Every structure is written in structure tokens, then in C-alpha cells.
Amino acid sequence: MAPPLFMDISIDFETFSECDIRKAGAYAYSIHPTTEVLCLSYAIDNEPPTTWLPSHPPPQRLFDLLAEPDSLLWAWNVFFEMSIWHNVLAWPELEWEQWQDTAALAAAQAYPRALEKCGTALGLSSDEAKSKRGKTLIQRLCKPYRGARNNDPEMLQELYDYCEQDVIAERSIRHRLRPLKGIEKDVFKADQEINWRGVRLDKESILNAITIIDRHTKRLNLEVGNITQGALDNTASRAKSLRWINEQGYSLEEYDKNAISNALEDKDCPGHVKEFLKIRQSLSKSSTKKYNSMLDSLGLDNRVHGSLMYHGASTGRWAGRLLNPQNLPRPTIDNVDEVIEQMRVCDPAAISGEPMESLSSCLRGMLIASEGHRLICADYSSIEARVLAWLCNHKTALTTFNTGKDIYKFTAAAMYKVDYDQVTKDQRFIGKVATLALGYQGGVKAFQRMAGLYGEEFDDREALKVRDDWRDANKPITRLWAAVSRAAKNAISYAPKSFQVAKGEFKYLQGDLLFKLPSKRILSFPKARLVAGKHNSEIVYEGVDNHTHRWGEIRAYGGFLVQSITQAVARDVLAEAILRLEHHGYDVVLHVHDEIVSDVPKKHGSLKQFEKIMCNSPGWAAGLPIEAEGYESDRYRK
């Protein structure tokens, strides 16, 4: 008997559609009636790429090879290829394990998710790299160009060549990256299944909300005309609006959220100008635009598919796509269900409270359970603070968590040197802000920024005292910063020797600083090196900056590395809980930060069991105090 075939097959589709994939996402794009395949390029192992066109017979050799369960199908952002394969071409079903994503490997190793940028960061040769001609070809051929379809044969041939080059680039990058190992392979598989499963939305209420927003906007714009006596018919133009405001005798130089809020609180601001600014404030509420995003990305089954990005952050945490569940606003009203019912008449006047504010508060409620199901949702309590205390063996903090006491009161008691039961409300608030702001070597500015989010201000002297008191009360954490920094520097200086710290170990391998987490997953800091600092050596590595989203140099100090490790451990706790819940029949449809949402048949399971499964510590996390609390509902809420 011949041994089973094992193949790594790289593929890339080029398509045409009138649908905007940036708004709709891959799944909704693939079911759009105008979407069609222009070509498929594929390469089997290290063979040169082959291009298939829709005018050709089906690629039977490709199907035969993929009939072997050990053959893997690789693509860059594979969810797109998966959507085209199933929804446009209706080709043979594959096992979930066969779909593999090179972009996921790159992200797991802290390299860019964009194919061209990743190739540049990895130093691909010109023969291997993505073609720079692609952007022009896609603009001309893959969507209507100047209102018409472009079928220029010479450009189409260029597109086929470009598609083949993408396959070469993807394969070259894959050969330079580490594969996913161990349980992380199961995590990626579950991620693909969850994204394919999708989350159901309340389409009727979304349409009602969009109608209300449109009608309310028109009414408010009429009011703008009355307030400005015809000078303006909307608040959109910054230049025109500021000119009109200043003509009213009130000086306003900026037109952003903070400037408008300050003007509304200014007793010297004229009443009619305040009315104008209130309208601007209402109409500029960007969260209500999410209703359109929800509608754009809906599938025919009224579900959004592909709303989660695996390894969206270098720590392994997920990021949001499309409706971006990680960024849904917290409700500011209590009666969300009542407002959703009021939305049925599509009249802004029927909505309780300011319509835009109320509709923004209802966004989470647009995510609903399937027919005959209910949503079970639970999130981890103070998971990062718990992980940080566990990593540094902060015994008194761990005792606080294990006995169910309030970590913010505990922190305040230690800072103010009072008994736990004597902590005042104001002291607890400072303990809370300090806990949230200072755990990763944050200083005065970090504390002031965090306090500002709660509407409180502290001068430099006050903030410095809080910082010093917090550090004095949390010596195990401050020692962890120094230990992690020392271990990382030693790993670079004395490669290939490993240095244990924070229940894991640093190692320097082929120019990358690696940290093996307690779960055995690897955190990567690419192209790390030591450079001279003000007082001693500092670690610099290359990565995607969280603020600029560009690839460049990043400085890594002790607290920064501790933050990465802590968030990565918290992520691994969540990831393994997802696998356990899936195993017990709790189909996960969403997870947001430290919260998991499952769409569960009404007669299956219970909230109590759901919470218990979430809190079962993985074997590698012995001693980590985990607590989760949740609810059951027809709608998602906070």
C-alpha cells in the first residue's frame, strides 16, 4: 500500500465584485451576487505555481491531493480563500484542520499581517516578494473602474502573474516562520470555526435604527438652518462651523469632542451657539455608524461572519473586525430593551432620551441568540491583576483574590496603611486607579491619564505620592519588573542560554528574543538587541507600534515586558476556556477582551456550568485564582 500523500499547498484567489470588501468582510463579499473568481493560483509543495481560470475544467489534481486529510491548504488571511472556495465555487468540503493561514503564523511571531510588509520585515528577495504592481491591478480589474468593468486581456494576464507571485511570497514567508504547535493549533482551528459560525444580528432593529438616525439627522439639520438663520444647513464642515461660531462673538479655535464639551460648560457661551454645538455633539456620535457596519457585513443568514482576528495583538489577544465587537460602546441608559421596542415605529420622537445617545446604547443589543437558543455570557474578574499577582507570587494579593475580597480596597489599605475595613470610598478609588495604571511600571503621567478617564485630576505632586505609595505596597511587582528586564538582557547577551523568570523563560534565537509562557506558547520580540541607554543598556526590538500601527523600533523595558507576559497569560486562560466550552457543547460566537459569549440551545447546559468550565484552571496555571461571572439573555448586553 502506498504511503498517504502529505502536501503543503499554497493558494490565492483574485476576484471581481461590486461589493466593497472593506465594509462587508470576506464572507458577505463572497455571497454578493456580483462576486466572481477571476483566477486561482496554487503551488504544490515547492513546485512552480499553476493558474486556474473559470473557463478551465475544475482543478482535479488539486482536489485529489486535498482528499488526503494530511494535506494542508495555505493562504494569506485564509478566511477569504475559505469564503470564495465554499460560497462562490462550491468546491469540495475540506476538514477544518486543512485550512491554514500564513498571516496567522506571521502575527503569532509578531510580524506584520500585511503580506508585502511582512516580506519586507523578513528580508525577502525581489524574486520572492509581493509585486508592487498589485494595487493598481486590483483597482482596475477587481472592482468597477470609472463605473465600468475592465476586461483588458493584457492587464488580466498581469493579474494572473501577480496572483502567482503572491503565492510565491506567501510560501517564502511560511518557510521562514515557526509553525503553530501544541494546543495553539486547536486554538486557531476553533477561531476559524467561530468566525465561520458567525453571530446572529437583529436585522429588523438595525434597519429601524438606521431609519431613525436618518430622520433625526434631517430634523437636526433643519434646526441648524433655523439657529444659523440659513447660514448653515449642517454641522459637518469644521471651517464653516468655526467661522459662524466666532461670528457670534464666541471664540472657539478647535472643533473636536473636548473643545465642544468645554464650550457647552462655559457660562459665557451664547445659548444659540450651545444649541448648535449640542446638535454637532449628537450628529458626530461615531458609534451610531456601527449600525451601517452591521448591515453591510450581514450574511443571508442574518449573521456576521469573520468578526474576530486571531492574534490581533503581539501578545496573542484577538482584535475585532467589521462591527468590531471589541469596541462596542457601553450603554449609558438602563432601559435598552424598552428602547429597542420603541424603535419599531421608526420615529425619533418615540425614543426615550436623546435619540443618538439611546441608539448608541442599544448597539450591543443588536447581537442576539439564534432561534430556540439563548446567549450565555461570562467574563473573567480582574484577570490581568490576578495573573500579575500570580506571576510575581504576590502572596497577600493572591490571598485577597482567593478570599473574595476587593483588590482595590486591599491596595488602598496597603497604600494608606489602614485596615481593610477602614478604607474610605475616596481611598478605594485611588487604589483602583493605581492598580489599573501602575502595574506595568507606569508613573505620574500614567496615573493622571487613568484618573482623567474617570473625570478626576491630580497634580504632579499628588500623583507622584500615589505612585510611590503604590510601589511601596507592591514590592513583589516592582521586583518582577527588574527580574524580567535582567533575564531578557541576559538572554540576549549570553545566547543561546535560557533565563527563567515569571514562570517562563527567555531565550535569544536567530536574532529574536523569545519568551516561553507558562502554557509553552512563545512570545516573540523580533530582531531584538541591546543599545546604550541613559544609565545602562536597553532592549530595542522591531515590531508594529500600537499607536502608529507601523513597523519600526520599539523600546522594551521591564514593565513593558511584564505587561506583554501578563496579557499573554490572560489570553491563554481565555483561549483554553474557549476550547473547553466548545467541547461541552457551548458554541462560542464571540469573545471580547476577557468575556466569552456562546449561543446555546435553551435546554442545554446552564450558566453555573458555563462559569465553572471557564474557571477550571489549566494544568500550567496551578495556583492562579480565576473567577468568572455572567448572565443568560436573548440579547448581548453589558
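Predicted model, so just to flag it, every value in this text is computed and none were measured.

Asker: Would you take a moment to explain the sheet that holds strand S15 (residues 529-532) for this structure?
Answerer: Through backbone hydrogen bonds, the strands of a sheet pair up, either in parallel or in antiparallel fashion. Here we have three strands laid out as an open sheet, ordered S15-S16-S17, and antiparallel in their pairing. The open sheet terminates on both sides in strands that have one partner only, identified here as S15 and strand S17 (551-556). Direction aside, neighbouring strands of the sheet carry axes that sit 45 degrees apart on average. As paired strands, strand S16 (residues 537-544) and S17 are joined by six bridges and run antiparallel to one another. Bridged to Tyr541 within S17 is Ile554. Those strands touched by helix H22 (residues 475-493) are S15 and S16, and its axis lies near 85 degrees from that of S16. Sitting on the sheet, helix H23 (residues 558-583) touches S16 and S17, and the angle it makes with S17 is about 110 degrees.

Asker: Whenever I open this one, the pattern of salt bridges confuses me. Can you help?
Answerer: Pairs may arise between side chains of opposite charge once their charged atoms sit close together. By the definition in use, this model includes 35 salt bridges. A salt bridge links Lys132 to Glu116; the shortest N-O distance between them is 2.7 Å. Here Lys132, found in the loop between helix H5 (115-122) and helix H6 (134-141), pairs with Glu116, found in helix H5; they are 16 residues apart in sequence, far enough to count as distant. Under the relative-accessibility criterion, Lys132 is labelled exposed at 67%. Residue Glu116 is classed as partly exposed on the basis of its relative accessible area of 32%. Across the pair Asp469 and Lys465 runs a salt bridge, and its minimum N-O distance is 2.8 Å. With Asp469 and Lys465 both in helix H21 (residues 460-473), this residue pair falls four residues apart, about one helical turn. Classification of Asp469 by relative accessible area gives buried; the value is 18%.

Asker: Where do I start with the nonpolar core in this structure?
Answerer: Soluble, globular proteins show a tendency: their nonpolar side chains are buried together. In terms of nonpolar packing, the biggest core is built from 193 residues, with Ile9, Trp85, Leu277, Tyr291, Met343, Phe506 and Tyr636 touching the most fellow members. In terms of residue count, H23 provides more of this core than any other element does, 14 residues in total.

Asker: Honestly, the side chain of Gln326 in this entry has me stumped. Any pointers?
Answerer: With respect to the helices and strands, Gln326 occurs in the loop between strand S9 (319-320) and helix H14 (336-342). Assessed through its relative accessible area of 15%, Gln326 is described here as buried. In this structure the side chain of Gln326 is engaged in a polar contact, spanning 3.4 Å, whose partner is the backbone oxygen of His591.

Asker: Please clarify how the packing of helix H20 (residues 444-453) against H21 should be interpreted in this entry.
Answerer: One way to put it is that H20 packs onto H21 with a least axis distance of 9 Å and a crossing angle of 105 degrees. Taken together, the axes of H20 and H21 are roughly perpendicular relative to one another. In this structure, H20 uses Val444, Lys445, Phe447 and Gln448 to contact H21, whose residues at the interface are Asp460, Ala463, Leu464, Val466 and Arg467. Class assignment of the residues belonging to the contact of H20 with H21 gives a composition of five nonpolar, one polar and three charged.

Asker: Where do I start with the pairing of strand S19 (residues 595-601) in this structure?
Answerer: In summary, the side chains of a regular strand alternate between the two faces of the sheet. Counted residue by residue, S19 has six buried out of seven residues, so it is predominantly covered. Relative to S19, strand S10 (residues 373-380) runs antiparallel, the two sharing seven bridges. Residue pairing across strands places Asp379 opposite Glu595, the latter belonging to S19. Relative to S19, strand S18 (residues 588-592) is paired through four bridges, and the arrangement is antiparallel. Across the sheet, His591 pairs through a bridge with Ile596, a residue of S19. Following S18, the chain reverses through two residues before pairing antiparallel with S19; His593 in that reversal takes a positive phi of roughly 55 degrees.

Definitions and cut-offs
- Residues numbered from 1 in each chain as written.
- Predicted model: local features only at pLDDT ≥ 70, side-chain atom pairs only at ≥ 80, totals over all residues.
- Heavy atoms only, no water.
- Pairing = 2+ DSSP bridges.
- Helix = DSSP H or I, 4+ residues; strand = E, 2+ residues; numbered from the N terminus.
- Axes fitted to C-alpha atoms, helices over the stretch in contact; angles between N-to-C directions.
- Contact = heavy atoms within 4.5 Å.
- Salt bridge = Lys/Arg side-chain N within 4 Å of Asp/Glu carboxyl O.
- Buried < 20%, exposed > 50% of the residue type's maximum accessible area, 1.4 Å probe, protein only.
- Core = buried A, V, L, I, M, F, W, Y, C linked by side-chain atoms within 4.5 Å.
- Polar contact = N/O pair within 3.5 Å; in protein donor to acceptor, adjacent residues only side chain to side chain.
- Parallel < 35°, antiparallel > 145°, perpendicular 65-115°, else oblique.
- Nonpolar A, V, L, I, M, F, W, Y, C, P; charged D, E, K, R; others polar.

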